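Structure at a glance
Read off the chains here:
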Amino acid sequence: VQLQASGGGLVQAGGSLRLSCVASGSSFRINVMRWSRQRPGNQREEVASIISSGMATYADSVKGRFTISRDNAKDVMYLQMNSLKPEDTAVYYCNARGAHHMGGVFDVWGQGTLVTVFS
């Protein structure tokens, strides 16, 4: 399974961006998908996660501003980011955990997409 993240860019504070993460491969089932970010000089931190039922969790720093969603049929995950702040500047990574239909599990990361918020 491979993940391709996209949608990052340069945005003014208060603006919005939508990140996408597409999973590709064959014969797999994704159980959990999540977005993490790594801000300059900081360790990677989880931003939001979503399970196959659609239940989502968020870091306190993004609650009320970010919305995670997924399209199970298309194996795509999104992160709608509103009211962006300069402190949201980071490389955003997507992650997927699941299982192959023929056996075995996976835990994979996408390549990251840079979000830069300027004031």
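Residues numbered from 1 in each chain as written. Predicted model: local features only at pLDDT ≥ 70, side-chain atom pairs only at ≥ 80, totals over all residues. Heavy atoms only, no water.

Focus: the nonpolar core
Generally speaking, nonpolar side chains in soluble globular proteins are found buried as a group. One finds Trp35, Val47, Phe66, Met77, Leu79, Met81 and Tyr92 to be the most contacted residues of the largest nonpolar core, which totals 29 residues. With near-sequence residues (within four places) excluded, Phe66 lies in contact with Arg37, Val47, Tyr58, Leu79, Gln80, Met81, Asn82, Leu84, Asp88 and Tyr92. (Core = buried A, V, L, I, M, F, W, Y, C linked by side-chain atoms within 4.5 Å. Buried < 20%, exposed > 50% of the residue type's maximum accessible area, 1.4 Å probe, protein only. Contact = heavy atoms within 4.5 Å.)

Overview of the environment of Cys94
The topology assignment puts Cys94 in strand β9 (residues 90–100). Overall, Cys94 belongs to the buried group, its relative accessible area being 0%. Spatially, the C-alpha atom of Cys94 lies 9.7 Å from that of Ser6, the residues being 88 residues apart in sequence. Ignoring any residue separated from it by four or fewer positions in sequence, one finds Cys94 in contact with Leu3, Ala5, Cys21, Arg34, Trp35, Met77, Val108, Trp109 and Gly110. (Helix = DSSP H or I, 4+ residues; strand = E, 2+ residues; numbered from the N terminus.)

Let's talk about the state of the cysteines
By the definition in use, this model includes one disulfide. Across the disulfide from Cys21 sits Cys94; the S-S distance is 2.2 Å. Judged by the sign of its S-S torsion, about 70°, the bond between Cys21 and Cys94 is right-handed. Pair noted here: Cys21 is in strand β3 (residues 17–24) and Cys94 is in strand β9, with a separation of 73 residues, a long-range link. (Disulfide = S-S within 2.5 Å.)

Digging into the side chain of Ser20
The topology assignment puts Ser20 in strand β3. When its relative accessible area of 14% is taken as the criterion, Ser20 is described as buried. Discounting residues that sit within four places of it in the chain, Ser20 has contacts with Gln4, Ala5, Ser6, Trp35, Met77 and Tyr78.

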